[in-house]
Amino acid sequence: MSPYGWGLKEVLRSPPSWPSCLQDPTYTLISDESGTRWTLHLSERADWQYSAREKDAIECFMTRTLPGEPDRMHMSSFYIGLGSRINCNVFSYDYSGYGASSGKPSEKNLYADVDAAWQALRTRYGIRPENVIIYGQSIGTVPSVDLAARYESAAVILHSPLTSGMRVAFPDTKKTYCFDAFPNIDKISKVTSPVLIIHGTEDEVIDFSHGLALYERCQRPVEPLWVEGAGHNDVELYGQYLERLKQFVAHELVNV
């Protein structure tokens, strides 16, 4: 196995907002009598492509972010497929207010959630920071960049990232205002780990220019992947997506 574990965001395929449709989970977590062991149960709507044996092999657990706000960890069919193809372990979590996680979605809670996930990865599994690749997609790039700006890791992968909320809503925005949410553009230059940026050139939600702007601000950028013709929700369907990840994880990081 590759030495890298991935700190993955739960993917929100959406603009920088909190869509209610994503708060209707396709799974539940059921605890045993002790309340310490959790089992994943999928609904009929879940897009599960593997066997029951593989589902039962997924380890789920609950931890706390803000006081009184439990955040439950899980992995999806996509993560299992990705992890097996690039030979990595995958660690994912729910945002507050989504999936099986309680609480309310907010920018503040995003940062609390990623901190809880990072600490759980470090303490529960004893994973060293240099063996973690922080991966974020869409809004998931916001807590990923925030975490990476504060903790060095093996690398950071930003998939369809945004520069800031205001810049998505108002493309002519040139500076960050005090009320601007999700200011990746101001934090990315503080990231000292290698950064791979992936973005579709026809992204209809977060314009391709956001990926370019973040790439230009990186301290240690690696060769980005600009997927010609890809939109916001289909980058991973292009062959070069998987090939670029394989090359990055199996070869480039080994030589860093």
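Residues numbered from 1 in each chain as written. Predicted model: local features only at pLDDT ≥ 70, side-chain atom pairs only at ≥ 80, totals over all residues. Heavy atoms only, no water.

In the nomenclature of an unreviewed UniProt entry, the chain is known as Alpha/beta hydrolase domain-containing protein 17B of Synaphobranchus kaupii. For the record of the chain, the UniProt heading Catalytic activity (unreviewed entry) holds the text "S-hexadecanoyl-L-cysteinyl-[protein] + H2O = L-cysteinyl-[protein] + hexadecanoate + H(+)". (UniProt positions renumbered as here; feature names shortened; annotations may be inferred.)

Colleague: Summarise the environment of Leu147; cite the residues concerned and give the values.
Modeller: Along the chain, Leu147 falls in helix α4 (residues 141–150). Note: C-alpha distance between Leu147 and Val191 (44 residues apart in sequence) is 8.9 Å. Beyond its immediate sequence surroundings of up to four residues, Leu147 is in contact with Val114, Asp115, Trp118 and Ile134. (Helix = DSSP H or I, 4+ residues; strand = E, 2+ residues; numbered from the N terminus. Contact = heavy atoms within 4.5 Å.)

Colleague: So what about the packing of helix α3 (residues 107–124) against α4? Which residues, and what values?
Modeller: Across the interface, α3 lies against α4 with an axial gap of 9 Å and an inter-helix angle of 60°. Compared by their axis directions, α3 and α4 come out oblique. In this structure, α3 crosses over α4, and the sense of that crossing is right-handed. Between α3 and α4, the residues in contact are Leu110, Tyr111, Val114, Asp115 and Trp118 and Val142, Pro143, Asp146, Leu147 and Arg150, respectively. Of the residues in the contact of α3 with α4, the class split is seven nonpolar, no polar and three charged. (Axes fitted to C-alpha atoms, helices over the stretch in contact; angles between N-to-C directions. Parallel < 35°, antiparallel > 145°, perpendicular 65-115°, else oblique. Left-handed = near helix turned anticlockwise from the far one by under 90°. Nonpolar A, V, L, I, M, F, W, Y, C, P; charged D, E, K, R; others polar.)

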